[in-house]
Amino acid sequence: MFKILKKGHCFNPSDIGVKDILIGCGKIIRISDDIKPEGLFEYDLVDCTGKLVFPGFIDQHIHIIGGGGEDGSDSRIPEISLGDITTAGVSTIVGLLGFDDITRSVITLLLKARALEKEGLSTFIYTGSYSIPAQTVTGHISSDIALIDKVLGVGEIAISDYRSSHFGLQTFKEIAAEVLKGGLIGKKAGVVHLHIGEGKEGLTPLFSLLEETEYPIGMFVPSHLNRNKRLFEQALMYGSRGGNIDITAGEDEGGGYGVRKAMKAVFESGINPGLLTVSSDGNGSIPGINGSKDGVGKVKSLFDDIAGCLLDRELQIPMVAACVTENVARLLKIYPEKGVLKQGSDADVLVLNREDMGIFRLFIGGEVYVKDGTAVKKGRFEE
Ligand code: ZN
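If you're wondering where the values come from, they're calculated on a predicted model, not measured in any experiment. (Residues numbered from 1 in each chain as written. Predicted model: local features only at pLDDT ≥ 70, side-chain atom pairs only at ≥ 80, totals over all residues. Heavy atoms only, no water.)

*Asks:* Residue-level account of the coordination of the zinc ion, with values.
*Replies:* Taken together, the protein donors to the zinc ion comprise Glu156 (OE), His195 (ND1) and His224 (NE2), at separations of 2.0 to 2.2 Å. Written as a sequence motif, the donor residues of the zinc ion are E-x38-H-x28-H. Of the two residues, Glu156 is situated in strand E9 (residues 151–159) and His195 in strand E10 (residues 191–196); the sequence distance between them amounts to 39 residues. As far as the burial class goes, Glu156 and His195 line up, both buried. (Donors = N, O, S within 2.8 Å, 3.2 Å for Na, K, Ca; no water. Helix = DSSP H or I, 4+ residues; strand = E, 2+ residues; numbered from the N terminus. Buried < 20%, exposed > 50% of the residue type's maximum accessible area, 1.4 Å probe, protein only.)

Have a look at this one:
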């Protein structure tokens with residue numbers, strides 16, 4: 001069945017104006033000023049007049065089999081459901097382990113990614129976890145990346161965190177070597193996705209690594225860089241040298257910077273805006289403050305933060321949207337299948353209401369997954 005999305009204001013994520021989009025067989029077949037349905041066997045017409053149209057969002061940091069577990073067995077967060085992801089406008093994800101690699105494994109992560117793919121999402125994972133030596137499927141980071149279709153890199157490798165493995169510079173070099181090798185042989189992005197904790201060193205280990213080696217800076221993706229002000233200062237320095245800056249949604253203005261504020265700071269700093277990405281840390285644990293219970297990170301917080309930025313007149317819509325579409329797709333090397341509205345790209349299309357940036361439709365592979373903010377396709381065990 002074909003679909004024609006009529007007269008939406010399209011951001012690919014650059015502003016390409018009001019267009020019609022023809023989708024079918026899971027792909028974007030055509031984008032032009034006026035597409036006539038004559039000659040199509042069967043089609044749905046979706047009136048997108050007055051709506052904003054984007055590529056489906058990409059979230060490169062989700063704990064799909066649940067994070068947490070740092071407060072005993074009952075603090076292990078359950079696996080995520082399809083609707084938790086799609087109602088955040090997200091159509092492509094990278095799943096990862098966190099701190100707990102005792103009761104959780106990369107194999108379980110891989111299988112969960114396959115299950116979510118069966119339910120319609122495009123899914124990838126990182127091998128490894130906080131710990132070094134890294135837990136893998138095949139015995140090596142390099143062969144996981146080279147041989148397993150879904151593995152794009154290693155992560156989240158923890159530095160500057162009391163829960164990390166506190167590995168030294170030589171080990172850091174060796175991890176990067178494995179990732180580089182796997183990426184080249186498997187023709188993958190080969191990224192080192194880093195959890196940067198509250199530790200006082202911040203990004204210093206990464207600066208040291210880059211100083212002593214010739215690794216391409218683009219293969220490192222440090223995350224949570226808005227978690228505190230000191231770390232964010234380092235992030236701006238890192239970005240000015242051409243490094244990726246991944247900030248985490250849902251951050252409050254207490255110790256760190258919220259997404260909107262961090263985004264503004266990066267855009268005003270003169271750093272290449274294509275280096276900025278936003279991820280959710282969804283389904284991970286949010287440590288409780290002053291004895292309160294730990295919370296669960298929501299993928300939806302990514303959508304809420306981005307919607308807030310899209311509504312902010314001081315921020316340009318294409319630059320905001322790129323942080324969850326094109327910029328992520330390029331660094332993961334899944335562009336132009338993902339992250340862009342373009343002939344031949346996958347038909348993952350997010351249509352938002354102009355007035356409140358609520359979800360009008362989310363199409364994944366050309367099928368409707370969210371309608372008027374509600375998930376219309378559910379996962380196998382989802383209510
Ligand atoms: Zn993390």
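*Asks:* Residues and numbers for the nonpolar core, please.
*Replies:* Formed by 84 residues in total, the largest nonpolar core has its most connected members in Leu194, Leu206, Phe220, Met263, Val278 and Ile306. Among the elements that line this core, the one with the most residues is helix H8 (residues 300–311), at 6 residues. When residues no more than four places from it in sequence are discounted, the contact partners of Met263 are Ile247, Leu276, Val278, Ile306, Cys309, Leu315, Val320 and Cys323. (Core = buried A, V, L, I, M, F, W, Y, C linked by side-chain atoms within 4.5 Å. Contact = heavy atoms within 4.5 Å.)

*Asks:* Mind laying out the sheet that holds strand E11 (residues 220–223), listing which residues take part and the relevant values?
*Replies:* On the basis of which strands lie adjacent, the open sheet formed by 6 strands has the order E6-E7-E8-E9-E10-E11 and parallel pairing. Two strands close off the open sheet at either side, each with one partner strand: strand E6 (57–62) and E11. Each neighbouring strand pair of the sheet contributes to a mean axis angle of 25 degrees, computed without reference to strand direction. The sheet contact formed by strand E8 (residues 122–127) and E9 spans 3 bridges and is parallel. Opposite Tyr126, over in E9, you have Gly153 as the bridge partner. In this fold helix H5 (residues 204–212) packs onto E9, E10 and E11, with an angle of close to 170 degrees to the strand it touches most, E11. (Pairing = 2+ DSSP bridges. Axes fitted to C-alpha atoms, helices over the stretch in contact; angles between N-to-C directions.)

*Asks:* Just give me the short version of helix H6 (residues 229–240), but keep the residues and values in it.
*Replies:* For H6, spanning 12 residues, the distance from its first C-alpha to its last is 17 Å, which sits close to the expected 16 Å at 1.5 Å a residue. Looking at H6, one finds that the buried residues are Leu231, Phe232, Gln234, Ala235, Leu236, Tyr238 and Gly239. Of the residues flanking the start of H6, the one acting as N-cap is Asn228, its side-chain oxygen 3.2 Å from the backbone nitrogen of Arg230. In the segment just after H6, Gly242 is the residue with positive phi, at about 100 degrees. (Expected span 1.5 Å × (residues − 1). Polar contact = N/O pair within 3.5 Å; in protein donor to acceptor, adjacent residues only side chain to side chain.)

*Asks:* Talk me through the pairing of strand E17 (residues 359–364); I want residue IDs and the actual numbers.
*Replies:* Taken residue by residue, a regular strand's side chains alternate between the two faces of the sheet. Across the 6 residues that make up E17, a large majority, 6, are buried. Here 4 bridges tie strand E16 (residues 349–353) to E17, and the two strands are oriented antiparallel to one another. Note on E17: the bridge partner recorded for Val349 is Phe363. Turn length for the E16-E17 hairpin, with the two strands adjacent in sequence and antiparallel, is 5 residues, and the turn residue Met357 shows positive phi of about 60 degrees. Relative to strand E18 (residues 367–371), E17 runs antiparallel, the two being bridged by 4 bridges. In the sheet register, Phe363 faces E18, and the bridge partner there is Val368. In this antiparallel pair of consecutive strands, E17 and E18, the connection spans 2 residues, and Gly365 shows a positive phi of 55 degrees.

*Asks:* With reference to specific residues and values, describe the packing of aromatic side chains.
*Replies:* Each pair of aromatic rings is reported with the distance of its centres and the angle of its planes. Inspection of every chain in the model, using the stated rule, returns 8 aromatic pairs. Considering the side-chain rings of Phe11 and Phe54, the 5.4 Å spacing of their centres and the 20 degrees angle between planes classify their relative orientation as stacked. Of this pair, Phe11 sits in strand E1 (residues 2–11) while Phe54 sits in strand E5 (residues 51–55), and the two are 43 residues apart along the sequence. One exposure class covers both Phe11 and Phe54, and it is buried. Centre to centre, the rings of Phe207 and Tyr238 are 5.7 Å apart; their planes meet at 80 degrees, and the pair counts as edge-to-face. Pair noted here: Phe207 is in helix H5 and Tyr238 is in helix H6, with a separation of 31 residues, a long-range link. Summarising the burial analysis for this pair, Phe207 and Tyr238 share the class buried. In this structure, Lys377 is placed above the aromatic ring of Tyr369, and the distance from its NZ or CZ to the ring centre is 5.5 Å. (Phe/Tyr/Trp six-rings, centres within 6.5 Å; stacked < 30°, edge-to-face > 60°. Lys NZ or Arg CZ within 6 Å of the ring centre and 35° of its normal.)

*Asks:* Please set out unusual backbone geometry residue by residue, giving values where relevant.
*Replies:* Omega for the bond connecting Asn12 with Pro13 falls within 30 degrees of zero, at 10 degrees, which places this linkage in the cis form. If you trace the backbone, Pro13 turns up in the loop between E1 and strand E2 (15–24). Here the amide bond leading from Gly155 into Glu156 is cis, since omega sits at -20 degrees, within 30 degrees of zero. A positive phi angle, near 55 degrees, is found at Asp281, a position not held by glycine. By relative accessible area, Asp281 is classed as buried at 18%.

*Asks:* How would you summarise the pairing of E18 if you had to cite specific residues and measurements?
*Replies:* Summarising the sheet, E18 and strand E19 (residues 374–375) pair through 2 bridges and their orientation is antiparallel. Within E19, the position partnered with Val370 by the bridge is Ala375. Between the end of E18 and the start of E19, which pair antiparallel, lie 2 residues, with Asp372 showing a positive phi angle near 50 degrees.

*Asks:* Requested: an account of the side chain of Glu326, with residues and values cited.
*Replies:* Relative to the elements of secondary structure, Glu326 occurs in helix H10 (residues 326–331). With a relative accessible area of 17%, Glu326 lands in the buried category.

*Asks:* Before we move on, could you go through the state of the cysteines and cite the residues and values that matter?
*Replies:* According to the stated counting rule, one finds 0 disulfides in the structure shown. There is no disulfide at Cys323, and the cysteine sulfur nearest it, in Cys309, is 8.0 Å away. Cys323 gets classed as buried once you look at its relative accessible area, which sits at 0%. (Disulfide = S-S within 2.5 Å.)

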